[in-house]
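Chain and residue survey
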Amino acid sequence: MAAALGLACLGACGSVTASSGVDMDHLRELGVAPDLVYLVDLPGYEMAEQSMGGVGEEGFGVFYTAPGGRQVELRVDRGAFDDDVCRSTPINLATPPDALVLCVHDEVGWYRMAGDRHEYVALRGDVLIKLSGGVTDVGRAALKAAVAGARRATGDGKAGTAPPRVPVERGDLPTAGDGAPDNEVGPGG
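This report concerns the structure included in the present document. (Residues numbered from 1 in each chain as written. Predicted model: local features only at pLDDT ≥ 70, side-chain atom pairs only at ≥ 80, totals over all residues. Heavy atoms only, no water.)

**Observations regarding the overall build of the chain**
Helices and strands together make up the secondary structure of the chain, namely three helices and nine strands. In the chain, the succession of α and β elements from N to C terminus is α-β-β-β-β-α-β-β-β-β-α-β. For the chain, long-range pairs separated by at least 24 residues make up 50% of all intrachain contacts whose partners lie at least 6 apart in sequence. Summing over all exposed atoms, the chain offers an accessible surface of approximately 10500 Å²; the carbon and sulfur share of this is 54%. (Helix = DSSP H or I, 4+ residues; strand = E, 2+ residues; numbered from the N terminus. Contact = heavy atoms within 4.5 Å. Areas by Shrake-Rupley, 256 points an atom, 1.4 Å probe, with all protein chains shown as cover.)

As structure tokens, this is what we get:
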């Protein structure tokens, strides 16, 4: 399933800092698993809140933007990763798409480069954290530091605080029949 990220709105959308809250209720509605919502700190970049969305079955994705049109993409999903997967999996948005993937494994994860893009991939249990950008947009050390410091989002205080939805008692709905409102005209009317 393609990422449900708002690529088209990045140029016109506002942004907030990575320390901003995340509307977990909205992300749940999009099918994102709350334990897959991670944020990173990337100096010079701000999280483009409007780009938050689902990736794959239950994953999370968001873009971070910087002046001059630079952007970095964070994707978090469940999965496995090793040296073979590193070499055989193309880097999202790389040009050309079939560029040979260079892989270097270190204490944080895997540094990958293909064509005009590079990324760092970290594996935490079954959680796969990928941070990628153009080689001229963000440095390798910045990607590595951001992925190493990736943390689960805590939400904006909305998640779990709203009471469960209870049907409203309308009074004008019949107890039998098709459930249409009772619109009978009474005396004088």
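The discussion continues.
**Regarding the nonpolar core**
If you look at the biggest cluster of nonpolar residues, it comprises 33 residues, and the most contacted ones within it are V22, L27, V37, Y64, L74, I129 and L131. Only α1 (24-29), β1 (38-39), β2 (46-55), β3 (59-66), β4 (70-78), β7 (117-124), β8 (127-134) and α3 (140-148) provide two or more residues apiece to this core. Take this core: its biggest share by element is four residues, from β3. (Core = buried A, V, L, I, M, F, W, Y, C linked by side-chain atoms within 4.5 Å. Buried < 20%, exposed > 50% of the residue type's maximum accessible area, 1.4 Å probe, protein only.)

**Some details on the environment of N92**
Of note, N92 is situated in the loop between α2 (83-88) and β5 (102-105). Classification of N92 by relative accessible area gives partly exposed; the value is 29%. In this structure the side chain of N92 is engaged in a polar contact, spanning 3.0 Å, whose partner is the side chain of E73. (Polar contact = N/O pair within 3.5 Å; in protein donor to acceptor, adjacent residues only side chain to side chain.)

**Re the pattern of salt bridges**
Under the criterion given, the structure shown has 10 salt bridges. Of the charged contacts, one joins R78 and D35 as a salt bridge, the two residues approaching to 2.9 Å between their closest N and O atoms. One end of the pair, R78, is in strand β4; the other, D35, is in the loop between α1 and β1, with 43 residues separating them in the sequence. Since its relative accessible area comes to 28%, D35 is described here as partly exposed. (Salt bridge = Lys/Arg side-chain N within 4 Å of Asp/Glu carboxyl O.)

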